[in-house]
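Residues per chain, in single letters:
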Amino acid sequence: MSERPPAAPDYTWLYARTRAGRARGPEGARALLDSLSRPDRAFTSVRVVGTNGKGSTCAMLEAGLLAAGVRTGRFTSPHLHAYEERIRLGGVNLPPERTAAFITWAQTHAPDAAFFDLTLALACQAFAEGGVEVAVMEAGVGGQSDATQVLERVSAVALTNVGLDHTATLGETVAAIAHDKAGAAQPGVPLLTTAEGEALTVIEQVAQERGAPLLTPATHPALFALPYPPALAGAHQLQNAALAAATLRTLGFDAGVEAALTAAHPARLERLRVQGKTVLLDGAHNPHATQALARAVPAADVLLFGGLARKDTAATLAPLLAVAPVRVFTAPGDLAAPPAELAALYGGEADLDPARALARALALTPAGGTLLVAGSLYLAGTVRGLLAPDLA
């Protein structure tokens, strides 16, 4: 008699554990980890915080650590195609059956926990069970106010940059946001950053208050130096690569720097060829990110854009208006900014359905031309799944 196949994870239950109406902070994650006998104490963590570039930096850190022979875990968000992309052991996504087992446990023992806290707890438990030595842990929102603040064995904090995003949670100014993100600093733990300007001034103050050694390209240029540019496209990736390289060197994993520069990360200026046309996929979803995207892609024929209503859509879209004269707007999810309203405001066509919107955007793109897709990682993931299902 054959064994019954394992039950599929109850993703519907898991995704319904929203944080809406709950206070942000590490308290919920701490309670979960306490109930699991603190699995995060079994490995050291590299926390990656910042407004943009966290995912790319995490991908480079993972590649570098693996090349250096380290048993590595990686915790990131959001995912593009499958939930298990968020939790990787040894460069491989967590098996769905492991997710299913944890959800079954959580439904009984932590039915009121928030989604991000549950995912963080699952990651820590899986890393502990899998013998992970160093885990690359991406913050969700902020630094001090983020659930990853609960992690105790932090060996380094990598702060990418600071821009206006999640203002309702972190503050209305760059200084306020920088203060929260820099709050990830811990006494004696290296804080590395490629942030600049006003944000860097705040970070310097917080680091001094917390007793965290601050390492920057200005104070330690050799630490952040790159032997050559990273494989990931865009000038903004130079800063992410420099931060990853400096973090690896600080932790004594110099041997992994060159491998880090070869890392790939989907939907970060990812280039696909479709019907003799170029499709550029990018998850830029806030003003800081779309400004960098517009510098990297100064001209395209068509823009397919979809963003979430809670974002500053006008400021996010503004840098891209000069990039593409033809625009198609769509909805990356139920909480999207209304496509019809965007089309009326900024000129273009609208379709709520991403598949139809993609088909229309491709039809409007001339032979040999370029379609730029941006506004949300959710949209980038949807489009990637439609155009390259073998990669999903």
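Residues numbered from 1 in each chain as written. Predicted model: local features only at pLDDT ≥ 70, side-chain atom pairs only at ≥ 80, totals over all residues. Heavy atoms only, no water.

Colleague: Mind showing me how you'd approach the overall build of the chain here?
Modeller: Each helix and strand counted, the chain has 16 helices and 14 strands in total. Against the compact-globule benchmark of 21 Å for 392 residues, the chain has a radius of gyration of 21 Å, which places it among compact chains. Overall, the chain is about 65 × 55 × 40 Å in size when its C-alpha atoms are taken along their principal axes. Intrachain contacts of the chain at a sequence separation of at least 6 include 73% that bridge at least 24 residues. When the accessible area of the chain is evaluated, it comes to approximately 15900 Å², of which 54% is carbon and sulfur surface. (Helix = DSSP H or I, 4+ residues; strand = E, 2+ residues; numbered from the N terminus. Rg over C-alpha atoms; globule rule 2.2 N^0.38 Å. Contact = heavy atoms within 4.5 Å. Areas by Shrake-Rupley, 256 points an atom, 1.4 Å probe, with all protein chains shown as cover.)

Colleague: Looking at this structure, how should I read the packing of helix 15 (residues 354-364) against helix 16 (residues 377-387)?
Modeller: Two elements in contact, helix 15 and helix 16, have axes whose closest approach is 10 Å; the angle formed by their N-to-C orientations is 70°. By the angle between their axes, helix 15 is roughly perpendicular relative to helix 16. The residues of helix 16 that touch helix 15, namely those facing Pro-354, Ala-355, Leu-358 and Leu-362, are Leu-379, Thr-382, Val-383, Leu-386 and Leu-387. Here the residues of the contact of helix 15 with helix 16 sort into 8 nonpolar, 1 polar and no charged. (Axes fitted to C-alpha atoms, helices over the stretch in contact; angles between N-to-C directions. Parallel < 35°, antiparallel > 145°, perpendicular 65-115°, else oblique. Nonpolar A, V, L, I, M, F, W, Y, C, P; charged D, E, K, R; others polar.)

Colleague: When you look at the packing of helix 4 (residues 96-109) against helix 5 (residues 115-129) in this model, what are you seeing that I'm missing?
Modeller: The geometry of a pair of packed helices is captured by two quantities: the angle between their axes and the separation between those axes. It is the contact of helix 4 with helix 5, at a shortest axis distance of 11 Å, that shows an interaxial angle of 125°. As far as their axial angle goes, helix 5 and helix 4 are oblique. Crossing geometry of helix 4 relative to helix 5 is assigned as right-handed. Here Arg-98, Thr-99, Phe-102 and Ala-106 of helix 4 come into contact with helix 5, specifically with Leu-118, Ala-121, Leu-122, Gln-125, Ala-126 and Glu-129. (Left-handed = near helix turned anticlockwise from the far one by under 90°.)

Colleague: I'm lost on helix 2 (residues 27-35) in this one. Help?
Modeller: Since the α-helix packs 3.6 residues into each turn, any two residues three or four apart lie on the same face. For helix 2, every residue scored as buried is listed here: Ala-29, Leu-32 and Leu-33. One side of helix 2 holds all its buried residues, which, seen down the axis, span an arc of 95°. Contacts from the buried residues of helix 2 go to helix 4 and helix 5. One or two positions beyond helix 2, positive phi appears at Ser-37, with a value near 65°. (Buried < 20%, exposed > 50% of the residue type's maximum accessible area, 1.4 Å probe, protein only. Arc of directions from axis to C-beta.)

Colleague: What is the right way to look at the nonpolar core in this model?
Modeller: Across soluble globular proteins, you tend to see nonpolar side chains buried next to one another. Counting 53 residues, the largest nonpolar core has Phe-75, Ile-87, Leu-118, Leu-120, Phe-127, Met-137 and Leu-191 as its most contacted members. Counting residues in each nonpolar core, the second largest holds 27 residues, with Val-70, Leu-215, Ala-245 and Ala-263 among its members. (Core = buried A, V, L, I, M, F, W, Y, C linked by side-chain atoms within 4.5 Å.)

Colleague: I tried to follow the sheet that holds strand 1 (residues 44-49) on my own but got confused; where do I start?
Modeller: Read across the sheet, 8 strands follow the order 4-3-2-5-1-6-7-8 without closing on themselves; strand pairing throughout is mixed. With one partner strand each, in any of the chains shown, strand 4 (92-93) and strand 8 (214-215) form the two edges of the open sheet. Bridge count for strand 2 (residues 72-75) against strand 3 (residues 87-89) is 3 bridges, and the pairing is antiparallel. Paired with Gly-73 across the bridge in strand 3 is Leu-89. Contacts from helix 10 (residues 236-250) reach strand 1, strand 6 (154-159), strand 7 (191-193) and strand 8, with the element oriented near 155° to strand 7. (Pairing = 2+ DSSP bridges.)

Colleague: Can you walk me through the pattern of salt bridges in this structure?
Modeller: Pairing is possible between side chains of opposite charge, provided their charged atoms come close. Under the criterion given, the structure shown has 10 salt bridges. Between Arg-38 and Asp-40 there is a salt bridge whose closest N-O contact spans 2.8 Å. For Arg-38, a relative accessible area of 7% gives the class buried. For Glu-270, the salt bridge identified is with Arg-384, shortest N-O distance 2.8 Å. Placement of the pair is Glu-270 in strand 9 (residues 268-274) and Arg-384 in helix 16, with a sequence separation of 114 residues. Each member of the pair, Glu-270 as well as Arg-384, is classed as buried. (Salt bridge = Lys/Arg side-chain N within 4 Å of Asp/Glu carboxyl O.)

Colleague: Which parts of the structure should I look at to understand the side chain of Asp-146?
Modeller: Of note, Asp-146 is situated in the loop between strand 5 (134-138) and strand 6. One buried charge, Asp-146, has no salt-bridge partner; the nearest side chain with opposite charge is Arg-47, at 4.4 Å. Apart from the residues within four sequence positions on either side, Asp-146 is in contact with Gly-25, Pro-26, Arg-47, Phe-116, Ala-139, Gly-140 and Val-141. (Lys, Arg positive; Asp, Glu negative; His and termini not counted.)

Colleague: Whenever I open this one, helix 12 (residues 287-296) confuses me. Can you help?
Modeller: Residues of helix 12 that are buried: Pro-287, Ala-289, Thr-290, Ala-292, Leu-293 and Ala-294. Looking at the buried positions of helix 12, the neighbouring elements they touch are helix 10, strand 9, strand 10 (277-282), helix 13 (313-321) and strand 14 (370-374).

Colleague: Hey, could you run me through the packing of aromatic side chains in this one?
Modeller: Two aromatic rings are characterised by how far apart their centres lie and by the angle between their planes. Scanning all chains against the criterion turns up 9 aromatic pairs. Seen in terms of ring centroids, Tyr-11 and Tyr-15 are 6.0 Å apart; in terms of plane orientation they differ by 15°. Their pairing is stacked. Here Tyr-15 and Tyr-11 lie together in helix 1 (residues 11-15), a separation of 4 residues that amounts to about one turn. Residue Tyr-11 is classed as partly exposed on the basis of its relative accessible area of 23%. Judged by relative accessible area, which is 37%, Tyr-15 ranks as partly exposed. On the numbers, 6.4 Å between centres and 65° between planes, the contact of Tyr-15 with Tyr-83 is edge-to-face. A residue pair is termed long-range when its members are at least 10 positions apart, and Tyr-15 in helix 1 and Tyr-83 in the loop between strand 2 and strand 3 qualify at 68 residues. Through a chain of ring-to-ring contacts, three or more aromatic side chains come together here, namely Tyr-11, Tyr-15, Tyr-83 and Phe-115. (Phe/Tyr/Trp six-rings, centres within 6.5 Å; stacked < 30°, edge-to-face > 60°.)

Colleague: It is not clear to me how the sheet that holds strand 9 should be interpreted in this structure. Could you clarify?
Modeller: Pairing between the strands of a sheet is mediated by backbone hydrogen bonds and can be parallel or antiparallel. If you trace the 6 strands from one edge of the open sheet to the other, you get 9-10-14-11-12-13, paired in mixed fashion. Two strands bound the open sheet, and with one partner strand each, they are strand 9 and strand 13 (349-350).

Colleague: Would you explain the side chain of Thr-160 in this entry?
Modeller: Within the secondary structure, Thr-160 sits in the loop between strand 6 and helix 6 (167-170). Among the polar contacts made by the side chain of Thr-160, one reaches the main-chain carbonyl oxygen of Asn-52 at a distance of 2.7 Å. (Polar contact = N/O pair within 3.5 Å; in protein donor to acceptor, adjacent residues only side chain to side chain.)

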